[in-house]
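Examining the three-dimensional arrangement
What follows is each chain in one-letter form.
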Amino acid sequence: MAAAIDGGFKIAEFTLTTPGCLDAVADFRGKYDGDVMVGCGTIMCTEDAEAACDAGAEFIITPVLLPEVVTWCAQRNIVCVPGCQTPTELYTAYTLGAPLQKVFPGVAGAVTWVKAVSAALPMLRLNPTSGVDLDNAGEYLSNGAASVGLVAPLFPPDAIANEDWDAIHANATKVVGNAAKAGPFVRKPTGFQLAKL
């Protein structure tokens, strides 16, 4: 993770499925506080969320839509990014108070799907993860995604096994450069109002 941060990343997520996750959250929060936003993923209940926040997590990510976790976070002004697969789940997450919605796992249509959903539901802030790689991250961002998440493309298992931190640094530099070409995210106006009956 340090190599990715040195390569330009400003947001880091540690998942509860990783041994020592909460220690890593605490360590990185202490080391990078104010420079890098550190969060915790694979949160499955409010108790997980509380433990992550106690360790220093600044945001929570769930692999699926867990309304009780989204609500718990919203009540405490903690960013929660729930995993969603359908437009209905994405919109439900938004109405529960999730300011960013994780598109997980990858969907058929990839970039064109993100473009269509973000056009139809411009209030959403989509964060696609699986299916995003070092070369197409900017394409997702140019077509409606508010942000993207990377795991294996950024941290290839062979590089991790060989402790090849230079390869991870190079991957981070490459994807940050590709993402920067998309420019800043601009929320589109919704263009409609609900009528009262």
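Here, every reference points to the structure presented above.
Our subject in this report is the structure included herewith. (Residues numbered from 1 in each chain as written. Predicted model: local features only at pLDDT ≥ 70, side-chain atom pairs only at ≥ 80, totals over all residues. Heavy atoms only, no water.)

1. A look at unusual backbone geometry
For clarity, the cut-off: Every helix listed is a DSSP run of H or I at least four residues long, and every strand listed is a run of E at least two residues long, numbered separately from the N terminus. We call a residue buried when its accessible area falls under 20% of the maximum for its residue type, exposed when it is over 50%, and partly exposed in between, using a 1.4 Å probe and counting protein chains only.
Note that the residue after Phe104, namely Pro105, is joined by a cis bond; omega there is -10°. Here Pro105 lies in the loop between strand 5 (101-103) and helix 6 (110-120). The phi dihedral of Thr42 is positive, around 60°, even though this residue is not glycine. Summarising the element assignment, Thr42 is placed in the loop between strand 2 (37-41) and helix 3 (46-55). Assessed through its relative accessible area of 24%, Thr42 is described here as partly exposed.

2. Observations regarding the environment of Phe14
Defined as follows: Pairs of residues are marked as contacts when any of their non-hydrogen atoms sit within 4.5 Å.
Of note, Phe14 is situated in strand 1 (residues 11-15). By relative accessible area, Phe14 is classed as buried at 11%. A sequence separation of 28 residues divides Phe14 from Thr42, and the C-alpha atoms of the two residues are 8.6 Å apart. Once residues lying within four places of it in the same chain are set aside, the contact partners of Phe14 are Met1, Cys21, Ala24, Val25, Phe28, Val38, Gly39, Cys40 and Gly41.

3. Examining helix 6
What counts here: To be clear, the arc concerns the directions from the helix axis to the C-beta atoms.
All of the buried residues along helix 6 are Val111, Trp113, Val114, Val117 and Ser118. Along the long axis of helix 6, the arc covered by the buried residues comes to 160°, so they all point the same way. Residues of helix 6 that are exposed and point over 90 degrees away from its buried face: Thr112, Ala119 and Ala120. Where helix 6 is buried, its residues touch helix 5 (87-96), strand 5, strand 6 (126-128) and helix 7 (137-142).

4. What to know about the pattern of salt bridges
Counted only if it meets this: Every case where a carboxyl oxygen of Asp or Glu lies within 4 Å of a side-chain nitrogen of Lys or Arg is listed as a salt bridge.
On inspection of all chains with the given rule, the structure shows 3 salt bridges. Across the salt bridge formed by Arg29 and Glu58, the nearest N and O atoms sit 3.7 Å from each other. One end of the pair, Arg29, is in helix 2 (residues 21-32); the other, Glu58, is in the loop between helix 3 and strand 3 (59-62), and 29 residues separate them in sequence. Lys174 serves as the salt-bridge partner of Asp135, at 3.0 Å between the closest nitrogen and oxygen. Taken together, the positions of Asp135 in the loop between strand 6 and helix 7 and Lys174 in helix 9 (residues 165-180) put the pair 39 residues apart, joining distant regions of the chain. You can call Asp135 exposed: its relative accessible area is 55%. Overall, Lys174 belongs to the partly exposed group, its relative accessible area being 40%. Overlapping salt bridges, with partners in common, bring together Arg29, Asp33 and Glu58 in one network.

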